[in-house]
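Spelled out from the first residue to the last, the chains are:
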Amino acid sequence: MKKWWIGLTLLMASLIFTACGSSQASKDESWKKVADKETLTVATSGTLFPSSYYNDENKLVGYDVDVAKAVAKKLKLKINFKEYNVDGQVTAVNRGEADFAANDFGMSKGREKKFSLSSPIKYSFDSMIVRKSDDSGIHSLKDLKDKKAAGEPNTSYMKIAEKYGAKPVTYDNATNDQYLTDVANGRTDVILNDYYLQKMSVAALPDIPVKILEDVYFNANSSGFLFDKKQKALKEKIDEALAALKADGTLAKISQQYFGTDVSVKPKQTVTEQVSAD
């Protein structure tokens, strides 16, 4: 009988230690890892005006970039940016090469299983850039059929364009002047993207004869920083910092600098159509 109790005791101890080991192995240490290295590593593009781009002094700036810098400062961390195209940013987050991605990210159904977004740093809606001379023959989303839509592959905007029958013309991390010039000269017909990004791009390049198609606004949305879904502790810490930055007016100040309005609150424009990219 004594041997039986000893055996049972050892078995229970083994199970307890195994359970503890399993619990520790699955513990989310995403914030601890960042805190220990005292640095946030952030994936971005460096080519998306005004969210992430190089200014005249060849310095990486932009709304998403500056908000990420403010978050790092609030958390008393250094910050390091790594530049990729959209697919590269997503992959970097997935592989742990970046703590999160900052590049005007929204959440698509294709990403929601593996990734999560921070609390919103920008509220917006979508629009289309067309030629000034003839609106590229487009008056609604239905007119996208057989038009040449410009954009990076695998983005929600290109998926929407293709859903309506547009022919994709893809670019790899191209600059805004190339995108707009190609619409103006007829190499492409239309660009679908975020309204505020398009508004700033058109204003920054006034000599290129393109415009935002008026009153065709769709997909009210919000964007934030993109995280691996397992990084819950890190995301929670970033969200706390963002809440503090919103409360003290920092987000509004950065927003006014880049957009001329406060995009950290919901816009007043009427958006009647919601279109799924999937």
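Quantities reported herein were computed from a predicted structural model and do not represent experimental measurements.

The rules behind each value
Residues numbered from 1 in each chain as written. Predicted model: local features only at pLDDT ≥ 70, side-chain atom pairs only at ≥ 80, totals over all residues. Heavy atoms only, no water. Helix = DSSP H or I, 4+ residues; strand = E, 2+ residues; numbered from the N terminus. Contact = heavy atoms within 4.5 Å. Areas by Shrake-Rupley, 256 points an atom, 1.4 Å probe, with all protein chains shown as cover. Lys, Arg positive; Asp, Glu negative; His and termini not counted. Charge placed at Lys NZ, Arg CZ, Asp CG, Glu CD. pLDDT = per-residue confidence, 0-100. Buried < 20%, exposed > 50% of the residue type's maximum accessible area, 1.4 Å probe, protein only. Polar contact = N/O pair within 3.5 Å; in protein donor to acceptor, adjacent residues only side chain to side chain. Axes fitted to C-alpha atoms, helices over the stretch in contact; angles between N-to-C directions. Parallel < 35°, antiparallel > 145°, perpendicular 65-115°, else oblique. Nonpolar A, V, L, I, M, F, W, Y, C, P; charged D, E, K, R; others polar. Pairing = 2+ DSSP bridges. Phe/Tyr/Trp six-rings, centres within 6.5 Å; stacked < 30°, edge-to-face > 60°.

What about the overall build of the chain?
Next, step 1: Across its full length, the chain carries nine helices and 13 strands.
Next, step 2: Across the chain, every contact between residues at least 6 apart in sequence was considered, and the portion connecting residues at least 24 apart equals 71%.
Next, step 3: Carbon and sulfur atoms make up 52% of the accessible area of the chain, which amounts to about 14,600 Å² in all.
Next, step 4: Across the chain, 40 positive and 37 negative side-chain charges occur, with their mean positions spaced 7 Å apart.

Digging into the confidence of the model for the chain
Next, step 1: Residues of the chain with pLDDT of at least 70 account for 91%, and the chain-wide mean is 90.
Next, step 2: In the predicted structure, residues 1-11 sits below a pLDDT of 50 and forms zero contacts with residues beyond four places in sequence or in another chain.
Next, step 3: Low pLDDT, under 50, characterises residues 13-25; the stretch is placed with zero contacts to residues that sit more than four places away or in other chains.

As for helix 7 (residues 195-204)
Next, step 1: Counting buried positions along helix 7 yields seven of ten residues, so the element is predominantly enclosed.
Next, step 2: Of all the positions in helix 7, only Y195, Y196, L197, Q198, M200, S201 and V202 are classed as buried.
Next, step 3: The opening residue of helix 7, the one whose side-chain oxygen lies 3.0 Å from the backbone nitrogen of Y196, is D194.

Digging into the packing of helix 2 (residues 30-37) against helix 8 (residues 232-247)
Next, step 1: Contact geometry of helix 2 with helix 8 gives a least axis separation of 5 Å together with a crossing angle of 65°. Here helix 2 lies roughly perpendicular to helix 8, going by the angle between them. Only K232, A233, L234 and K237 of helix 8 make contact with helix 2, whose side of the interface consists of S30, W31 and V34.
Next, step 2: Classifying every residue of the contact of helix 2 with helix 8 gives four nonpolar, one polar and two charged.

Some points on the sheet that holds strand 4 (residues 60-61)
Next, step 1: Spatially, three strands are ordered 2-3-4 in an open sheet, and the strand pairing comes out antiparallel. Both outer strands of the open sheet, strand 2 (47-48) and strand 4, are each paired with one neighbouring strand and no more.
Next, step 2: Bridge count between strand 3 (residues 52-54) and strand 4: two bridges; the pairing is antiparallel. The residue bridging Y54 from the neighbouring strand is L60, located in strand 4.

Details of the pairing of strand 11 (residues 190-194)
Next, step 1: In terms of burial, strand 11 is largely enclosed, as five of its five residues are buried.
Next, step 2: Judged from the four bridges that link them, strand 8 (residues 122-131) and strand 11 form a sheet pairing that is antiparallel. Paired with I129 across the two strands is I191, which belongs to strand 11.

As for the packing of aromatic side chains
Next, step 1: In the structure shown here, the tally under the stated rule is twelve aromatic pairs.
Next, step 2: Centroid distance Y171 to Y179: 4.5 Å. Interplanar angle 45°. Geometry classified as tilted.
Next, step 3: Residue Y171 is classed as buried on the basis of its relative accessible area of 6%.
Next, step 4: For Y179, a relative accessible area of 11% translates into the label buried.
Next, step 5: Between Y195 and Y217 the ring centres are 5.5 Å apart and the planes differ by 75°, which places this aromatic pair in the edge-to-face class. Here Y217 lies in the loop between strand 12 (210-212) and strand 13 (218-228) and Y195 lies in helix 7, a separation of 22 residues in the sequence. Across the pair, exposure class does not vary: Y195 and Y217 are buried alike.
Next, step 6: Feature note: the residues Y63, F125, Y195, Y196, Y217 and F259 constitute an aromatic cluster, connected by ring pairs.

Considerations on the side chain of S223
Next, step 1: Take S223: it is sitting in strand 13.
Next, step 2: Judged by its relative accessible area of 4%, S223 falls in the buried class.
Next, step 3: A polar atom in the side chain of S223 sits 3.2 Å from the side chain of D104.
Next, step 4: In this structure S223 touches D104, F105, G106, P120, I121 and K122, once residues within four positions along its chain are discounted.

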